[in-house]
Amino acid sequence: MSWSSSDFRPSAQLFGKNGALAEQKSPGLKKRETEVYVGNLPLDVSEEEIRCLLKDFSPLHVHKIQNGCKCFAFVDLGSVQKVALAIQELNGKLFHKRKLYVNSNKRSPRRTPDVAKWPQELPVLEKSSGQGLARAPACTQLTPKASGDPRETEKPRTSFFAVPMEMRGSFLVLLLRECFRDLGWLATVHNISGEVGLLVTSIVPQTPFFWAMVVTETLLQNMQALFSALAEAEEQQPYLHDSAVRRGTRCLAEYHLGDYGRAWNRCWVLDRVDSWAVVMFIDFGRLATIPVQSLRSLDSDSFWTIPPLTQPFMLEKNVLSSYKVIHRILKGKITGALNLESHILKFEEFK
């Protein structure tokens, strides 16, 4: 299969009536609990631009604050549900070439008087012995020096990235148990070695993590068998009743393939918010929020005999910053696996 490239966002837009997220207000909540904090904004951004950034969540009020060379805003979304969805959708996304920091406003961000000590916009790290963290030695940041000889050069600092929730072994074990009734796939994915071609299906932007299919003859056979069966099922499988869509449901939904249109794919419901379902597209490694009424039934075990087509990887010497790499084949070699998540293989691309 020869896909070249496509460029699309990894998360579905959240629209309800009249293009806005349908969400009931929570009158008993304090205003702060319905506000979202948006940090790392450009200094010249207007409140109208901030409102447009959060238009999918129907912002009620925008309060922009500029403190020296730091700019951030508090935006009232009217409900804690919208706050949670806004964080999921926007945190870490690029806005005017700057990486946004979006969080709840349960407490005001800590003020740091020394500019040299301001926190870098890094992914959130685990508060534990290190489980869930991956080291990317080639990904460095320049740490400003707070004091000392101004002629000294800035020293690069190694970055650490938290393993995305949907790539962790604990999450995949639950998925495999509920969808495939078999954990065998997880035990075999780390057996890949040597030179490989990887068809990228999804990325975690600004990190070294991505999902890809290992290009082999077996993959081609599984793709043909699975996609033919799903295309036929689309005409026969009924839409799920509203009450049947809940956490853990196996179902069928349309997946956006960029320039290649749309195709029906296996998915698993992770959560539900009113008329929206958060699903994991099993064979592409992508989380998306889609309307409940668009899901079709796919509970027969016959659709779940072929294991997931895609698996998680981590770039050895770089980070992924562009969605243009999706649906392209990367050629390189497997260099090892993460110590605490051995099913995530390290990949070095040939240049």
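None of the values given here were measured: they were computed from a predicted structure.

*Asks:* Before we go on, may I ask you to explain the sheet that holds strand 9 (residues 194–203) in this structure?
*Replies:* Working definition: the strands of a sheet are paired by backbone hydrogen bonds and lie parallel or antiparallel to each other. Strand order around the closed barrel formed by 5 strands is 9-10-16-18-17, with mixed pairing between neighbours. With strand direction ignored, the average angle separating the axes of adjacent strands in the sheet is 55 degrees. Note that strand 10 (residues 209–214) and strand 16 (residues 311–315) share 4 bridges and pair antiparallel. Within strand 16, the residue paired with tryptophan 211 across the bridge is proline 312.

*Asks:* Is there a simple way to explain the packing of aromatic side chains in this structure?
*Replies:* Centre-to-centre distance and the angle between the planes together describe a pair of aromatic rings. Enumeration over the complete set of coordinates arrives at 11 aromatic pairs. A ring pair is formed by phenylalanine 171 and tryptophan 268, whose centres lie 5.7 Å apart and whose planes are at 65 degrees; its orientation type is edge-to-face. Remark: tryptophan 268 occurs in strand 12 (residues 262–273) and phenylalanine 171 occurs in helix 3 (residues 169–179); sequence separation between them is 97 residues. Measuring from ring centre to ring centre gives 5.0 Å for tyrosine 255 and phenylalanine 281, while their planes differ by 65 degrees; the resulting arrangement is edge-to-face. Remark: phenylalanine 281 occurs in strand 13 (residues 276–281) and tyrosine 255 occurs in strand 11 (residues 250–256); sequence separation between them is 26 residues. With respect to class, tyrosine 255 is no different from phenylalanine 281; both count as buried.

*Asks:* Would you explain helix 3 in this entry?
*Replies:* For the α-helix, the turn length of 3.6 residues means that residues three or four positions removed from each other point alike. Among the residues making up helix 3, those that are buried are Gly169, Phe171, Leu172, Leu175, Leu176 and Cys179. Down the axis of helix 3, the smallest arc covering the buried residues is 155 degrees, so these residues share one side. Exposed and oriented more than 90 degrees from the buried face of helix 3 are Ser170 and Arg177. On its buried side, helix 3 packs onto helix 4 (184–188), strand 10, strand 11, strand 12 and strand 13. In the segment just after helix 3, arginine 181 is the residue with positive phi, at about 55 degrees.

*Asks:* Whenever I open this one, the sheet that holds strand 13 confuses me. Can you help?
*Replies:* Taken together, 5 strands build an open sheet; the order of strands is 14-13-12-11-15 and the sheet is antiparallel. Since the sheet does not close on itself, it has two edges, and those belong to strand 14 (286–291) and strand 15 (296–297), each with one partner. Two elements, strand 13 and strand 14, share 6 bridges in a ladder whose sense is antiparallel. Along strand 14, the bridge assignment pairs methionine 280 with leucine 287. Each of strand 11, strand 12 and strand 15 touches helix 5 (residues 217–236); the most contacted strand, strand 12, lies at about 75 degrees to it.

*Asks:* Just to check I follow, could you spell out empty space enclosed by the protein for this structure?
*Replies:* Empty space among the atoms can be located by rolling a probe the size of a water molecule over them. This model, assessed by the stated rule, comprises 1 cavity of 30 Å³ or more. Of the voids in this model, the largest cavity is the one considered here, and its volume is about 40 Å³. Together, Leu172, Leu175, Trp185, Trp211, Met280, Ile282, Pro308 and Thr310 line the largest cavity. The class makeup of the residues in the lining of the largest cavity is 7 nonpolar, 1 polar and no charged.

*Asks:* Please clarify how the pattern of salt bridges should be interpreted in this entry.
*Replies:* Pairs can form between side chains of opposite charge once their charged atoms are near each other. Following the criterion strictly, the structure yields 9 salt bridges and no others. Residues arginine 250 and aspartate 301 are paired through a salt bridge, measuring 2.8 Å at the closest nitrogen-oxygen approach. With arginine 250 in strand 11 and aspartate 301 in the loop between strand 15 and strand 16, this residue pair connects regions lying 51 residues apart in the sequence. When its relative accessible area of 44% is taken as the criterion, aspartate 301 is described as partly exposed. Taken together, the shared-partner salt bridges in this structure form one network comprising Arg181, Arg250, Asp299 and Asp301.

*Asks:* Just to check I follow, could you spell out the confidence of the model for the chain for this structure?
*Replies:* Any region with low pLDDT has predicted coordinates that should not be read closely. Summarising the model, the chain shows a mean pLDDT of 76, and 75% of its residues fall at 70 or more. Confidence over residues 1–30 falls short of pLDDT 50; this stretch has 92 contacts with residues more than four positions distant or in other chains. A low-confidence stretch, residues 106–147 stays under pLDDT 50, and its non-local contacts, those more than four residues away or across chains, total 84 contacts.

Conventions we followed
- Residues numbered from 1 in each chain as written.
- Predicted model: local features only at pLDDT ≥ 70, side-chain atom pairs only at ≥ 80, totals over all residues.
- Heavy atoms only, no water.
- Pairing = 2+ DSSP bridges.
- Helix = DSSP H or I, 4+ residues; strand = E, 2+ residues; numbered from the N terminus.
- Axes fitted to C-alpha atoms, helices over the stretch in contact; angles between N-to-C directions.
- Phe/Tyr/Trp six-rings, centres within 6.5 Å; stacked < 30°, edge-to-face > 60°.
- Buried < 20%, exposed > 50% of the residue type's maximum accessible area, 1.4 Å probe, protein only.
- Arc of directions from axis to C-beta.
- Contact = heavy atoms within 4.5 Å.
- 1 Å grid on protein atoms, 1.4 Å probe; cavity = no way out; pocket = protein on both sides within 12 Å on 5 of 7 lines; lining within 4 Å.
- Points joined across faces, edges and corners; volume = space filled by probe spheres on them.
- Nonpolar A, V, L, I, M, F, W, Y, C, P; charged D, E, K, R; others polar.
- Salt bridge = Lys/Arg side-chain N within 4 Å of Asp/Glu carboxyl O.
- pLDDT = per-residue confidence, 0-100.

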